[in-house]
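Descriptive structure summary
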Amino acid sequence: MSASPSLASALAGRSCAEARAATAFAPANIALVKYWGKREARLNLPRTGSLSLSLGTLGTTTSVEPAAQDSLALGGEPVDPASGFAKRLWAFVDEAAPGRPPLAVATENTIPTAAGLASSASGFAALVLALDRAFGWRLPRAALSVLARQGSGSACRSLWRGFVAWRAGTRDDGLDSHGEPLEARWPELRIGLLLADTGPKAVGSREAMNHTVATSPLYAAWPAAVEGHLREIRSAIAAQDVHHLGRVAEASALTMHATMLAADPAVVYWRPESVRLIHEVRRLREDGLPVYLTMDAGPNLKLLYEAASEPAVQSAFPGLTPVDPWSGPEPGED
Ligand code: 2P0
């Protein structure tokens, strides 16, 4: 049974009249089974489920406080209200907190911005957690996940640490489409961030996703592939089988890129260095090192391996930023 009716009343009852100063952290997340394609664009309702791993201490900390007028800062610097970032953020705040007073919002990424990995996911999740505290809503975490999803789809998975499943849901209002933490912990599992290119992206992920759904003949095969990947990844997590988990995560990422390569015109995020790194990961695996890769809508790689393999992975890739997904606070806690 879905908890939607109670989520609906919890959300309907939120008051936005008075705010106090509040701060919250949310981690970035990397999908092991990717979200790629929407059934409804305004609410970011996905065509399929997805499953992610949160990035421990890497993410976004956001503060909200009442002010004489709206203002926005990123990394301590004021953000131009006419910028795309500011417009998207305030449109979201107006929808999440209708009738609100003016607010000063300050946001900081702990994920290296130059790494091209700072995501809208931790940003919208931290903002929703900060708004929940600022207005004293005390909403259930699933309701906050619904709100975060409306800012950016993948943000609905950044409300928890560890593994998080996002169920596609079937409702038109999206109240059954939110993140849900898995109980499973896998303390040995690591994720490593590996840069192939730090230049600006030619195509944003939202645009690439919509363009792929609209024009790629391979997209028709995507929903069934995801169903299989979701079943497989849950069984890999239950067994703590890094080979199984890695195979499925790699297949999900490469299948997603295959749908993009078949779009018209093709979306090609891979740079020469991306391809070199992909081959290097495969070579290490042939030599017996259990290391696998995933990629998002960009040229960079994320490596999946267990703690015991970290020295070997680090020595093969000196530029690697290793992440312990189990470190850091529970999102929304001090
Ligand atoms: C994911 N990505 O599952 C997939 C894999 C990128 C590749 O979710 O339009 O910023 O805000 O719902 O969440 C990135 O897209 O898109 C993303 P919107 P979002 O992590």
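Look a little higher up for the structure.
Here's what I pulled together on the structure shown here. Just so you know, these numbers come straight off a predicted model, no measurement behind them.

1. So, the overall build of the protein
Scanning the protein from N- to C-terminus turns up 9 helices and 13 strands. The C-alpha atoms of the protein give a radius of gyration of 19 Å, which matches the 20 Å a tight globule of 334 residues would have. If one aligns the C-alpha atoms of the protein with their principal axes, the spans along those axes are about 60 × 40 × 40 Å. Looking at the protein residue by residue over its 334 residues, the buried ones come to 51%. Taking as baseline every contact in the protein between residues at least 6 positions apart, the subset at least 24 positions apart corresponds to 75%. Just so you have it, the protein exposes about 14100 Å², and 54% of that area is on carbon and sulfur atoms.

2. A few points about the sheet that holds strand 13 (residues 321–323)
Paired through their backbone hydrogen bonds, the strands of a sheet run either parallel or antiparallel. The strand order across the open sheet built from 4 strands is 11-12-10-13, with neighbouring strands paired in antiparallel fashion. Every interior strand has two partners, whereas the edge strands, strand 11 (292–295) and strand 13, have only one. Each strand axis lies, on average, 30° off the axis of its neighbour in the sheet, ignoring direction. Across 4 bridges, strand 11 lies against strand 12 (residues 301–306) in antiparallel orientation. By the bridge assignment for strand 12, Met295 is matched with Leu301. Contacts from helix 7 (residues 242–261) reach strand 10 (189–194), strand 11 and strand 12 within the one sheet, and its direction differs from that of strand 11 by about 30°. In the packing of helix 8 (residues 272–286) onto the sheet, the strands contacted are strand 10, strand 11 and strand 12, and the crossing angle to strand 11 comes to about 155°.

3. Describing the side chain of Asn29
Along the chain, Asn29 turns up in strand 1 (residues 22–33). Within the structure, the side chain of Asn29 is placed 2.9 Å from the side chain of Arg157, a separation counted as a polar contact. Among all residues touching Asn29, those that are not within four sequence positions of it are Ser52, Leu53, Ser54, Ala121, Ser154, Arg157 and Ser158.

4. A short note on helix 3 (residues 120–134)
Across its 15 residues, helix 3 extends 21 Å between first and last C-alpha, which sits within 8% of the 21 Å expected from 1.5 Å per residue. The buried fraction of helix 3 amounts to 12 of the 15 residues, a majority that puts the element mostly inside the structure. Those residues of helix 3 that fall on the buried side of the exposure criterion are Ala121, Ser122, Phe124, Ala125, Ala126, Leu127, Val128, Leu129, Ala130, Leu131, Asp132 and Ala134. Considering only its buried residues, helix 3 is in contact with strand 1, strand 4 (50–66), helix 2 (84–96), strand 7 (103–109) and helix 4 (141–151). Just downstream of helix 3, Gly136 is the residue with a positive phi angle, here 65°.

5. Focus: the site of the ligand
Around the ligand sit 17 residues, and of these Tyr35, Lys38, Ser152, Ser154 and Arg206 come closest. Ser152 is positioned such that a nitrogen or oxygen atom in its side chain is 2.7 Å from an oxygen atom of the ligand. A distance of 3.5 Å is found between an oxygen atom of the ligand and a side-chain nitrogen or oxygen belonging to Ser205. Its free accessible area being 460 Å², the ligand has 93% of it covered by the protein chains. No other element matches the 3 residues that helix 5 (residues 205–215) contributes to the shell around the ligand. Taken together, the residues of the shell around the ligand sort by class into 5 nonpolar, 6 polar and 6 charged.

6. Some points on the packing of helix 2 against helix 4
The interhelical angle for the contact between helix 2 and helix 4, taken along N-to-C directions, is 145°, at an axis separation of 10 Å. The way helix 2 lies across helix 4 gives a crossing that is right-handed. Taken together, the residues of helix 4 that come into contact with helix 2 (itself represented by Arg88, Phe92 and Glu95) are Leu147, Ala148, Gln150 and Gly151.

What counts as what
- Residues numbered from 1 in each chain as written.
- Predicted model: local features only at pLDDT ≥ 70, side-chain atom pairs only at ≥ 80, totals over all residues.
- Heavy atoms only, no water.
- Helix = DSSP H or I, 4+ residues; strand = E, 2+ residues; numbered from the N terminus.
- Rg over C-alpha atoms; globule rule 2.2 N^0.38 Å.
- Buried < 20%, exposed > 50% of the residue type's maximum accessible area, 1.4 Å probe, protein only.
- Contact = heavy atoms within 4.5 Å.
- Areas by Shrake-Rupley, 256 points an atom, 1.4 Å probe, with all protein chains shown as cover.
- Pairing = 2+ DSSP bridges.
- Axes fitted to C-alpha atoms, helices over the stretch in contact; angles between N-to-C directions.
- Polar contact = N/O pair within 3.5 Å; in protein donor to acceptor, adjacent residues only side chain to side chain.
- Expected span 1.5 Å × (residues − 1).
- Near = heavy atom within 4 Å.
- Nonpolar A, V, L, I, M, F, W, Y, C, P; charged D, E, K, R; others polar.
- Left-handed = near helix turned anticlockwise from the far one by under 90°.

Nothing here speaks to function; it is geometry throughout.
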